[in-house]
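Descriptive structure summary
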Amino acid sequence: MNRIQPKKLLLSKWTATDVVAKQKHFIVTKLIQKADPDLPIETIEIEAVFSKAVRQIPWRELCDESQWQRGWK
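To start, this report covers the structure provided alongside it.

Conventions adopted
- Residues numbered from 1 in each chain as written.
- Predicted model: local features only at pLDDT ≥ 70, side-chain atom pairs only at ≥ 80, totals over all residues.
- Heavy atoms only, no water.
- Phe/Tyr/Trp six-rings, centres within 6.5 Å; stacked < 30°, edge-to-face > 60°.
- Helix = DSSP H or I, 4+ residues; strand = E, 2+ residues; numbered from the N terminus.
- Lys NZ or Arg CZ within 6 Å of the ring centre and 35° of its normal.
- Core = buried A, V, L, I, M, F, W, Y, C linked by side-chain atoms within 4.5 Å.
- Buried < 20%, exposed > 50% of the residue type's maximum accessible area, 1.4 Å probe, protein only.
- Contact = heavy atoms within 4.5 Å.
- Pairing = 2+ DSSP bridges.
- Axes fitted to C-alpha atoms, helices over the stretch in contact; angles between N-to-C directions.

**Quick look at the packing of aromatic side chains**
The relation between two aromatic rings is expressed through the spacing of the ring centres and the mutual angle of the planes. Overall, the coordinates contain 1 aromatic pair when judged by the stated rule. Both rings, one in Phe26 and one in Trp68, keep their centres 5.3 Å apart while their planes meet at 80°; by these two values the pair is edge-to-face. Of this pair, Phe26 sits in strand 2 (residues 23-32) while Trp68 sits in strand 5 (residues 68-70), placing them 42 residues apart in sequence. Geometry around Trp72 places Lys13 over its ring, the cationic atom sitting 4.6 Å from the centre.

Put into structure tokens, the structure is as follows:
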């Protein structure tokens, strides 16, 4: 299991293990924080490098090595 700190995810690069519509490489473009800044970050916004499609996912999904790999491979 990957040890990830959510506050250090911004602009990090990720490779999806399941490629859909040529979307394999992603970059974290935004950390989405709730209204109270003292609450932990739960959601991030990732952007596909090829298509520029943006989606929001829980940052803990990146810990699952069967779905995500660190860096671009």
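**What to know about the nonpolar core**
In terms of nonpolar packing, the biggest core is built from 15 residues, with Leu9, Ile44, Leu62 and Trp68 touching the most fellow members. For this core, the secondary-structure elements that each account for two or more residues are strand 1 (13-20), strand 2 and strand 3 (43-48). Apart from the residues within four sequence positions on either side, Ile44 is in contact with Leu9, Val28, Lys30, Leu31, Ile32, Arg55, Gln56, Ile57, Trp59 and Leu62.

**A closer look at the sheet that holds strand 1**
Taken together, 5 strands build an open sheet; the order of strands is 4-3-2-1-5 and the sheet is antiparallel. Each end of this open sheet is capped by a strand with a single partner; those strands are strand 4 (54-58) and strand 5. Strand-to-strand twist in this sheet, taken as the mean axis angle between neighbours without regard to direction, amounts to 40°. Pairing of strand 1 with strand 2, which is carried by 4 bridges, proceeds in the antiparallel orientation. Bridge pairing in strand 2 links Trp14 to Phe26.

**Considering unusual backbone geometry**
Of note in the backbone geometry, Leu11 takes a positive phi value of approximately 70° without being a glycine. In this fold, Leu11 is placed in the segment before strand 1. Positive phi, close to 55°, is recorded for Ala21, a residue that is not glycine. Looking at the element boundaries, Ala21 is found in the loop between strand 1 and strand 2. Assessed through its relative accessible area of 60%, Ala21 is described here as exposed.

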